[in-house]
Amino acid sequence: MAYEIRSIPPGTTAAPATGPSPDHGRGQRRGRGTLVAVSDLHVRYDENRDIVERLHPESADDWLLIAGDIGEYLADIRWALALLSSRFAKVVWVPGNHELWTPANDPVQLRGVARYDHLVEICRELGVVTPEDPYPVWEGEGGPVAIAPLFLLYDYSFRMPGLDSKEAALAVAEKAGVVCTDEFFLHPDPYPTREAWCRARVAATEARLAAVPEELPTILVNHFPLVREPTRPLWHPEFALWCGTEATADWPRRFRAATVVYGHLHIPRLLICDGVPHQEVSLGYPREWRRRSTEPGRPVQILPAATAVTSGTTGAHA
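Engineer: Please clarify how the overall build of the chain should be interpreted in this entry.
Structural biologist: If you tally the helices and strands in the chain, you get eight helices and 10 strands. Relative to a compact globule of 318 residues, whose C-alpha radius of gyration would be 20 Å, the chain shows 19 Å and is just as compact. When each of the 318 residues of the chain is scored for burial, the buried share is 54%. Put simply, of all contacts in the chain between residues at least 6 apart along the chain, 77% involve residues at least 24 apart. Surface accessibility of the chain: about 13,400 Å² in total, with carbon and sulfur atoms responsible for 52%.

What follows is the structure, encoded as structure tokens:
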């Protein structure tokens, strides 16, 4: 399956400096391969599972970023990660909200942090990089760049104008008939609330990102968008409550992001926010991708970045 290449407008931060990394010796040759990304594979759908089975790298050196929502059932998640990690040189995974659900008919009934920890254990068995592991450095074209998989959740701060509390925002969303399934299946145990879990994850992740050497740009990979701008086209704007946190609004610039990779919204596109490319890389549900003219499930090329401007580029400045 050929990769999808989205053109990056000039003047963005998508093409980091390509000088040697601190541990890149003078006699060493820069790595090859392509860094690509997908998300929201939702393999419980047979059509999506078929697409995943057809995913192959273009070269043996390619890395794959998976920005969450492989599925809800641990057996499905393990199947997809085992398959893709056997094909790509390196796979980097972050959890989406669906991986954190505890469906009543999943044989594994772990909840909250215990479920997430179990997913990390599965990844480590398979050699898949998680948000709990050291950030790998991409040394291929466009590198060196630190790949930072993030797990942050959301804190209900993407509220509609004029709403100053979670409770008020949830009431408006419920009145509009918009309630995310997370409210029933994504348990925060042992944290009292999902936003408390989010705050803990944001604090821990912020400290880790601050420790990345300043000479290294980053690729920030998170299931949810790091800024609010990508949620603007939502059919139901109330759903933004379950889409991120205002606490990360300055992270792309602050932590030298060459690109932000995210999913969750099922609105695949390239968006430029404050000069930084934000790549939504979701496959989505069959009812969604069937409406598109493009081939579904093509991994999006992140590095090397294509910088020629084309009429198909979408984007806006936050």
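Right, picking up where we left off after that structure.
Engineer: Got a minute to help me understand the pairing of strand E2 (residues 63-66) in this structure?
Structural biologist: Every regular strand shows the same layout, with side chains that alternate between the two sheet faces. With burial as the criterion, each face of E2 is covered, one bearing Trp63 and Leu65 and the other bearing Leu64 and Ile66. When strand E1 (residues 35-38) meets E2, the two strands line up parallel, connected through four bridges. Among the inter-strand pairings, Val36 is bridged to a residue of E2, identified as Leu64. This β-α-β element, E1 to helix H1 (residues 46-53) to E2, shows right-handed connectivity.

Engineer: Whenever I open this one, unusual backbone geometry confuses me. Can you help?
Structural biologist: Glycine aside, residues mostly have negative phi, and peptide bonds are mostly found in the trans state. Here the bond from Asp189 into Pro190 is cis, since omega is 5°, no more than 30 degrees from zero. Tracing the sequence through the fold places Pro190 in the loop between helix H5 (182-185) and helix H6 (194-210). The step from Leu303 to Pro304 runs through a cis peptide bond, and the omega angle for that step is -5°. In this structure, Pro304 sits in the segment after strand E10 (300-303). Despite not being glycine, His42 shows a phi value in the positive range, around 40°. Considering the arrangement of structural elements, one finds His42 in the loop between E1 and H1.

Engineer: Is there a simple way to think about the layout of surface pockets in this case?
Structural biologist: If a probe as big as a water molecule is rolled over the atoms, it shows which places are left empty. As a volume, the largest pocket reaches approximately 790 Å³. Lining the largest pocket are 24 residues, and of these Phe239, Leu265, His266, Arg287 and Glu288 lie nearest its centre. Among the residues making up the lining of the largest pocket, the classes are represented as 11 nonpolar, seven polar and six charged.

Engineer: What is the right way to read the pairing of strand E3 (residues 90-93) from this model?
Structural biologist: One ladder, built from four bridges, connects E2 with E3; its direction is parallel. When the bridges of E3 are listed, Trp63 appears paired with Lys90.

Engineer: Would you explain the packing of helix H2 (residues 74-85) against helix H3 (residues 112-126) in this entry?
Structural biologist: Describing two packed helices takes the angle between their axes plus the distance from one axis to the other. Closest axis-to-axis distance for the H2/H3 pair is 10 Å, and the angle between their directions is 30°. By the angle class used here, H2 and H3 are roughly parallel. Between H2 and H3 lies a crossing whose hand is right-handed. In this structure, H2 uses Leu74, Ile77, Arg78, Leu81, Ala82 and Ser85 to contact H3, whose residues at the interface are Arg115, His118, Leu119, Ile122, Cys123, Glu125 and Leu126. Considering only residue class, the contact of H2 with H3 consists of eight nonpolar, two polar and three charged.

Engineer: When you look at the state of the cysteines in this model, what are you seeing that I'm missing?
Structural biologist: Using the criterion set out here, one finds zero disulfides in the structure. Of the cysteine sulfurs around Cys243, a residue in no disulfide, the closest is that of Cys180, at 7.8 Å.

Conventions adopted
Residues numbered from 1 in each chain as written. Predicted model: local features only at pLDDT ≥ 70, side-chain atom pairs only at ≥ 80, totals over all residues. Heavy atoms only, no water. Helix = DSSP H or I, 4+ residues; strand = E, 2+ residues; numbered from the N terminus. Rg over C-alpha atoms; globule rule 2.2 N^0.38 Å. Buried < 20%, exposed > 50% of the residue type's maximum accessible area, 1.4 Å probe, protein only. Contact = heavy atoms within 4.5 Å. Areas by Shrake-Rupley, 256 points an atom, 1.4 Å probe, with all protein chains shown as cover. Pairing = 2+ DSSP bridges. Right-handed = clockwise from strand over helix to strand, strands pointing away. 1 Å grid on protein atoms, 1.4 Å probe; cavity = no way out; pocket = protein on both sides within 12 Å on 5 of 7 lines; lining within 4 Å. Points joined across faces, edges and corners; volume = space filled by probe spheres on them. Nonpolar A, V, L, I, M, F, W, Y, C, P; charged D, E, K, R; others polar. Axes fitted to C-alpha atoms, helices over the stretch in contact; angles between N-to-C directions. Parallel < 35°, antiparallel > 145°, perpendicular 65-115°, else oblique. Left-handed = near helix turned anticlockwise from the far one by under 90°. Disulfide = S-S within 2.5 Å.

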